[in-house]
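Breakdown of the fold
Listed below are the residues making up each chain.
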Amino acid sequence: MATMTAAQRRSAERAGFDAYVAECPARQLLDRIGDKWVSLVVNALADGPQRYSDLRRRLAGVSEKMLTQTLRALERDGLLTRTVTPSVPARVDYALTPLGTGLLPLLKAIKSWAEENMPEVLAHRVSYDGVRND
């Protein structure tokens, strides 16, 4: 069997992922990226590192538990880093990694699309609900 370069191995590995298969790791990553808090956290970190308390204030409605779980999951997937600066109390900053920064344009586009198209979506909802309630 011929020896493969690292780039060839990565290419072969990518070809083996199929997000339509339930057990595929790519499906799990899509599930993670599709989470509303993930999208909002990544967008919030677009302007640079932020402290936990700043993120919590910015993301109205997120519980401490959900924000902590989201940040841990993003760190586990390599999309953000957590930096602890020793002080009293300890300072913890979160920042996007290059991998997370690569995801940012996609999530920004989805956020913009949602904000721009919300009036039309709301109109469709009213129309749909009116038909269903008659």
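Since the structure is predicted, the reported quantities are computational estimates derived from the model, not experimental observations.

**Looking at the overall build of the chain**
Each helix and strand counted, the chain has six helices and three strands in total. Overall, the chain shows an N-to-C arrangement of helices and strands of α-α-α-β-α-α-β-β-α. Taken over C-alpha atoms, the radius of gyration comes to 19 Å for the chain, far larger than the 14 Å a tight globule of 134 residues would show. Projected onto the principal axes, the alpha-carbon positions of the chain cover approximately 65 × 55 × 25 Å. Looking at the 134 residues of the chain, the share that counts as buried comes to 23%. For the chain, the proportion of contacts with a sequence separation of at least 24, taken over those separated by at least 6, is 42%. If you sum the accessible surface of the chain, you get close to 9,700 Å²; carbon and sulfur atoms cover 57% of it. The positive charge centre, built from 19 side chains, and the negative charge centre, built from 16, are 7 Å apart in the chain.

**Some points on the layout of surface pockets**
Empty pockets left among the atoms are what a rolling probe the size of a water molecule brings to light. Roughly 250 Å³ of volume is contained in the largest pocket. Lining of the largest pocket is provided by Pro 25, Gln 28, Leu 29, Arg 32, Ile 33, Arg 76, Asp 77, Leu 79, Leu 99 and Leu 103. When residues of the lining of the largest pocket are traced back to their parent elements, those giving at least two are helix H2 (25-33) and helix H6 (98-133). Considering each element in turn, the lining of the largest pocket owes the most residues, five residues, to H2. Across the lining of the largest pocket, the residue classes break down as six nonpolar, one polar and three charged. Ile 33, Gly 34, Asp 35, Lys 36, Ser 39, Leu 40, Leu 107, Ile 110, Lys 111, Ala 114 and Glu 115 together form the lining of the second largest pocket. For the lining of the second largest pocket, the secondary structure elements donating two or more residues are helix H3 (36-44) and H6. Of the residues forming the lining of the second largest pocket, the biggest block, five residues, is contributed by H6.

**Regarding H3**
Note on helix geometry: an α-helix contains 3.6 residues per turn, so any two residues three or four positions apart are oriented the same way. Of all nine residues that make up H3, seven are buried, and the element is covered over most of its length. Burial in H3 covers these residues: Trp 37, Val 38, Ser 39, Val 41, Val 42, Asn 43 and Ala 44. Between a side-chain oxygen at the N-terminus of H3 and the backbone nitrogen of Trp 37 the separation is 2.9 Å; the capping residue is Asp 35.

**Quick word on the pairing of strand E3 (residues 91-96)**
For E3, a buried count of five out of six residues is recorded, marking the element as mostly surrounded by other parts of the structure. Pairing between strand E2 (residues 80-85) and E3: six bridges, direction antiparallel. By the bridge assignment, Thr 85 is partnered in E3 with Arg 91. Adjacent in sequence and paired antiparallel, E2 and E3 are bridged by five residues.

**A closer look at the sheet that holds E2**
The strand order across the open sheet built from three strands is E1-E3-E2, with neighbouring strands paired in antiparallel fashion. In the strand order of this sheet, the two ends are held by strand E1 (50-51) and E2, each with one partner. Examined bridge by bridge, E1 and E3 share two bridges and lie antiparallel to one another. Across the sheet, the residue bridging to Arg 51 is Asp 93, located in E3.

What counts and what doesn't
Residues numbered from 1 in each chain as written. Predicted model: local features only at pLDDT ≥ 70, side-chain atom pairs only at ≥ 80, totals over all residues. Heavy atoms only, no water. Helix = DSSP H or I, 4+ residues; strand = E, 2+ residues; numbered from the N terminus. Rg over C-alpha atoms; globule rule 2.2 N^0.38 Å. Buried < 20%, exposed > 50% of the residue type's maximum accessible area, 1.4 Å probe, protein only. Contact = heavy atoms within 4.5 Å. Areas by Shrake-Rupley, 256 points an atom, 1.4 Å probe, with all protein chains shown as cover. Lys, Arg positive; Asp, Glu negative; His and termini not counted. Charge placed at Lys NZ, Arg CZ, Asp CG, Glu CD. 1 Å grid on protein atoms, 1.4 Å probe; cavity = no way out; pocket = protein on both sides within 12 Å on 5 of 7 lines; lining within 4 Å. Points joined across faces, edges and corners; volume = space filled by probe spheres on them. Nonpolar A, V, L, I, M, F, W, Y, C, P; charged D, E, K, R; others polar. Polar contact = N/O pair within 3.5 Å; in protein donor to acceptor, adjacent residues only side chain to side chain. Pairing = 2+ DSSP bridges.

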